[in-house]
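# Analysis of the macromolecular model
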Amino acid sequence: MEDSENQSAYVYLQRKLQYFYKTLEEHCKQVPNDARQLRYCRYITKFASHFGKEWCMVAGSTAEGTRLRSNINEGDFDYLIISGISIPVDALEHREDLPCFVHVRGDKIQHSFSHSLVDGKYLQSRILKEIDGEAFKIMKGLFQVCTMPFDSKGKHSHDVDFNREAKPGICKDHYVGFQLVDEDADNLYMRQLETDMEATKNYFQSVMDSSDLSPSMKSLLSNILGILAETEPNDDSSTAMGQTFGGLIEAAISDSAIIKSTSFQPKRSKQSIGENDRNYIDDSSSNKVFRVKFNYKSSKDFIAAFPLEGKLKCLKEWRVRILTSDNVLWPSSETVERICQSEVYVVAKPAIVNPYADIDFCLGFNQAELILASSLSSDQTLCVLLLKALQKGYLKHYSSVLTTFHWKTAFYHQCGQIDPALFDRHSTAAMLIALESVLSYMKECLDKRYLKHYFLESNLIAHITETEANEIRQKIKEIITDPEAALQVYFDMNKECEGSKQEEEISLKEMEEIKKRRNDPSNKKPAENIISMMTELQRVETKDSKLTKAIVDTLYMVIEEETDIPFVRPNTPQEHYSMDDLMAHGSKYLTTNFQSQNEKEKALKELTTKAFATVLSDFSSK
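The name given to the chain in an unreviewed UniProt entry is Mab-21-like HhH/H2TH-like domain-containing protein, with Mytilus edulis as the source organism. Its UniProt record gives the chain the following Sequence similarities (unreviewed entry) comment, quoted word for word: "Belongs to the mab-21 family." On record in UniProt, under Cofactor (unreviewed entry), the comment for the chain is "Mg(2+)".

We now examine the environment of Cys-171. If you trace the backbone, Cys-171 turns up in strand E8 (residues 170-176). Along the backbone, Cys-171 and Asp-78 are 93 residues apart, and their C-alpha atoms lie at a distance of 9.1 Å. Apart from the residues within four sequence positions on either side, Cys-171 is in contact with Phe-162, Asn-163, Arg-164, Ala-166, Ser-299, Lys-300 and Asp-301.

On to the environment of Gly-120, then. Structurally, the position occupied by Gly-120 is in the loop between strand E5 (101-104) and helix H4 (126-129). Placed 14 residues apart in sequence, Gly-120 and Gly-106 show a C-alpha to C-alpha distance of 8.5 Å.

All right, on to the sheet that holds strand E10 (residues 289-294) then. If you walk across this open sheet you meet the three strands as E9-E10-E14, and the pairing is antiparallel. If you trace the sheet from one side to the other, it starts and ends with strand E9 (179-180) and strand E14 (502-507), each paired once.

Trans is the prevailing form of peptide bonds, just as negative phi is the prevailing case for residues other than glycine. Here the residue pair Trp-330 and Pro-331 is connected by a cis peptide bond, since its omega of 0° sits within 30 degrees of zero. Looking at the element boundaries, Pro-331 is found in the loop between helix H9 (313-324) and helix H10 (333-340). Of note, the phi angle at Asn-354 is positive, near 45°, even though the residue is not glycine. You can see Asn-354 is positioned in the loop between strand E12 (345-348) and strand E13 (361-364). Residue classification places Asn-354 among the exposed residues on the basis of a relative accessible area of 55%. Unlike most non-glycine residues, Arg-449 shows phi in positive territory, near 55°. Here Arg-449 shows up in the loop between helix H14 (428-448) and helix H15 (466-481).

For the rest of this paragraph, the subject is the side chain of Lys-297. Tracing the chain through its elements places Lys-297 in strand E11 (residues 296-309). Once residues within four sequence positions are removed from consideration, Lys-297 is found in contact with Ile-72, Asn-73, Glu-74, Gly-75, Asp-173, His-174, Tyr-175 and Glu-504.

Under the defined criterion, the tally for this structure stands at 22 salt bridges. For the salt bridge of Glu-64 with Lys-408, the shortest nitrogen-to-oxygen distance reads 3.2 Å. You can see Glu-64 sitting in helix H3 (residues 60-64) and its partner Lys-408 sitting in helix H13 (residues 404-415), a full 344 residues away along the chain. For the residue pair Glu-64 and Lys-408, the accessibility class agrees, reading buried in each case. Among the salt bridges present, the one from Asp-360 reaches Arg-95, with a minimum N-O distance of 3.6 Å. Of this pair, Asp-360 sits in the loop between E12 and E13 while Arg-95 is found in the loop between strand E4 (92-94) and E5, placing the two residues 265 residues apart along the sequence.

Across the interface, H10 lies against helix H11 (residues 366-374) with an axial gap of 9 Å and an inter-helix angle of 165°. The orientation of H10 with respect to H11, classified from their angle, is roughly antiparallel. Note that H10 runs across H11; the crossing there is right-handed. On H11, the residues that touch Thr-335, Arg-338 and Ile-339 of H10 are Ala-368, Ile-371, Leu-372 and Ser-374. Grouping the constituent residues of the contact of H10 with H11 by class yields four nonpolar, two polar and one charged.

Turning next to the packing of aromatic side chains. Enumeration according to the criterion identifies 22 aromatic pairs in this entry. With centroids separated by 5.8 Å and ring planes inclined at 80°, the aromatic side chains of Phe-143 and Phe-302 adopt a geometry described as edge-to-face. Of this pair, Phe-143 sits in helix H5 (residues 139-146) while Phe-302 sits in strand E11; the two residues are 159 residues apart in sequence, bridging distant segments of the chain. Since its relative accessible area comes to 6%, Phe-143 is described here as buried. Three or more aromatic residues link up through ring pairs in this structure, and these residues are Trp-318, Trp-330, Phe-365, Phe-411, Tyr-412, Phe-423, Tyr-454 and Phe-455. The ring of Tyr-394 has Lys-475 lying over it, and the distance from NZ or CZ to the ring centre is 4.2 Å.

About the cut-offs
- Residues numbered from 1 in each chain as written.
- Predicted model: local features only at pLDDT ≥ 70, side-chain atom pairs only at ≥ 80, totals over all residues.
- Heavy atoms only, no water.
- UniProt positions renumbered as here; feature names shortened; annotations may be inferred.
- Helix = DSSP H or I, 4+ residues; strand = E, 2+ residues; numbered from the N terminus.
- Contact = heavy atoms within 4.5 Å.
- Pairing = 2+ DSSP bridges.
- Buried < 20%, exposed > 50% of the residue type's maximum accessible area, 1.4 Å probe, protein only.
- Salt bridge = Lys/Arg side-chain N within 4 Å of Asp/Glu carboxyl O.
- Axes fitted to C-alpha atoms, helices over the stretch in contact; angles between N-to-C directions.
- Parallel < 35°, antiparallel > 145°, perpendicular 65-115°, else oblique.
- Left-handed = near helix turned anticlockwise from the far one by under 90°.
- Nonpolar A, V, L, I, M, F, W, Y, C, P; charged D, E, K, R; others polar.
- Phe/Tyr/Trp six-rings, centres within 6.5 Å; stacked < 30°, edge-to-face > 60°.
- Lys NZ or Arg CZ within 6 Å of the ring centre and 35° of its normal.

Printed below as a string of structure tokens:
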């Protein structure tokens, strides 16, 4: 009888865990928006490549395939914005107490910044923190455009963005279904879309007319926005491009803005965008807060970085340790070699203890972490998701102290010690043993209050107090005793939130920002940011040709990936499509008596393709 009960309990646990596994993998499954962010980074990098070595990439859990989405939070997108200026490794001074944090000797780098060096030696961290124009000739302007908050009320949802300072970088929080629930809610009224678009249209034209842009560049920008209005994304119309440029596209395709060089009229966008003052939010400016409700939120973290030139000593030591140890089961020698060839960065981040905020930088092994994640088996990745579920659920109270990065680091340390056979989702005991191994390792680290960085000898939890360490250790003991019950907390938490609005508090300063955006129907800042960026690029590049080529090459890429328009890119600048040919093609379409609707639609599609190819080749030839 007892054996029968034990067997039933085992079967129940196995089914329960299989449900957990399936649900977690559903929560981290890639969605269209994930792929879209990767494409956006490629577009930005393509544009920037015409002027230098600046580029950007999606990093973190999204790129690693371990991002958990819940009913209340879509999680974070991490974007690394990488300067074209490299820092030689011999310009780094590692902090003795925390070697993963460094100070950069500005007098040992080739590039000379106009900013004064701290103590006559050290580079100021705000060069990265503020995406300084001297370090980011291209990305500075693009960053200001991409981080423009917006406040948009559609038929079904009210969406709001806030920019907040983060360590490191800037965090852009996006709230869907935003609703102010305090008594002052009536004081914040929504703009009328018609007034908004008319004001935007007039202001955009005035900014364009008064700018220092050349006439040909003004024409090019107006036509480009018109073409963007014609393109429709393959997967979802609610894209970041539409959210960011919607108002300007609507403004640009007015009769006064478009050059009458084509025979087709672009479609009009329904989106509007808000103003971005690029002020860092300081919640300490006032104690007054407002309660808001929302359906769910997501975040985008923008982190600026300098790439390192040369090989770090710590990576050489790590390579020797991994490859010469008989006890290390993971990663493979091939993965180790790829990591040692990968790029390492420094980002502006104050040290976790005794910070020197003006000069503290932190080493960023983002490329190495992506390589490590890609080398995991699906069952090893599943173990990472189980740890994340515990961190977000049972250990939620301590999630800002012991982050997912800490748990990932502990997992990587133990992954090299755990028999790969234990990572088996079909064996209840095996997977729980692997999970318990990581939990026990973290418990030991908390006991010593020392969690070693995966790539160098640096304590990642030096900031945790003894009280916090003891409390978390006790919670981990409880998890080890009953992992199924501890995991259940994450799933119960998400179920409770399903279909209900969440609540948060936002500061008075943030409310003033949103009120300011709503009371300025002309959307001035987006127009100014975009025109200012293009004007500065044109000022630096004395000839229009490089800027024009950057715009057109990027536009080709956008149309190829975001639409199903089957145009053919010219192979050479001499391969030019004639406007006369286009007009003849259009006349033929208008005078043809088509035998069927399908035949007519096919001919129209061919005409549209011809129009795009003609306009784009016209841009390329300038």
